[in-house]
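Observations on the model geometry
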Amino acid sequence: MHELSIVENLLDIIKSVAEENKMSRVTRVHLKIGNLRQIVPEMFQFAFDTAKKGTIAESASVSMTFVPAKAVCRTCGREFIVEDNFFICEGCSGIDVDVIEGKELLIDTMEGE
Ligand SMILES: [Zn+2]
């Protein structure tokens, strides 16, 4: 379950952001997650609820928006949305592509007091 190690990293980041903003408690976290991360929302939720105990985010709820993966073709320069891990250019059917979005895992908003 790779969600748990991601959540542990995330909790470290939440802690430092909370400290920077002088929060003593985090109540809500909203994440932006790239589709290529292959996160299962239910698993992620479960991992978060397990790992948050005893941390500054103990009472925080988590929600997430998934960002579609996007790639750019090196041959013809076309940008396209990657679906089902299908990394083939829509324009020229080339396979020499760079992924430009879809691997991110960012804190979009965070609330606390
Ligand atoms: Zn192309």
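This section reports on the structure supplied with the text. Since the structure is predicted, the reported quantities are computational estimates derived from the model, not experimental observations.

Reading the values: rules and limits
- Residues numbered from 1 in each chain as written.
- Predicted model: local features only at pLDDT ≥ 70, side-chain atom pairs only at ≥ 80, totals over all residues.
- Heavy atoms only, no water.
- Pairing = 2+ DSSP bridges.
- Helix = DSSP H or I, 4+ residues; strand = E, 2+ residues; numbered from the N terminus.
- Core = buried A, V, L, I, M, F, W, Y, C linked by side-chain atoms within 4.5 Å.
- Buried < 20%, exposed > 50% of the residue type's maximum accessible area, 1.4 Å probe, protein only.
- Contact = heavy atoms within 4.5 Å.
- Expected span 1.5 Å × (residues − 1).
- Arc of directions from axis to C-beta.

Before going further, it helps to examine the pairing of strand 4 (residues 79-82). In this structure, strand 3 (residues 69-73) lies alongside strand 4, joined through four bridges in antiparallel fashion. Note that in strand 4 the partner of A71 across the bridge is F80.

In this section: the nonpolar core. In this structure, I14, V26, V29, L31, F44 and F48 are the most contacted members of the largest nonpolar core, which totals 22 residues. At the level of secondary structure, the elements contributing two or more residues to this core comprise helix 1 (3-20), strand 1 (26-34), helix 2 (41-51), strand 2 (61-67) and strand 6 (105-112). For this core, the element with the highest residue contribution is helix 1, accounting for six residues. Residue contacts for F48: discarding those within four places in its chain leaves V7, L10, L11, I14, A57, A60 and V62. In terms of nonpolar packing, the next biggest core, distinct from the first, is built from seven residues, A69, F80, V82 and V97 among them.

Our focus in this paragraph is helix 1. With 18 residues, helix 1 ought to run about 26 Å at 1.5 Å a step, and its terminal C-alpha atoms sit 26 Å apart, in line with that. Among all positions of helix 1, only E3, I6, V7, L10, L11, I14 and A18 are buried. Seen along its axis, helix 1 keeps its buried residues to an arc of 140°; they face one direction. Opposite its buried face, helix 1 presents the exposed residues N9, D12, E19 and E20, each directed more than 90 degrees away. In the core, the buried residues of helix 1 are packed alongside strand 1, helix 2 and strand 6. Note on helix 1: the residue one or two positions beyond its end, K22, has a positive phi of about 55°.

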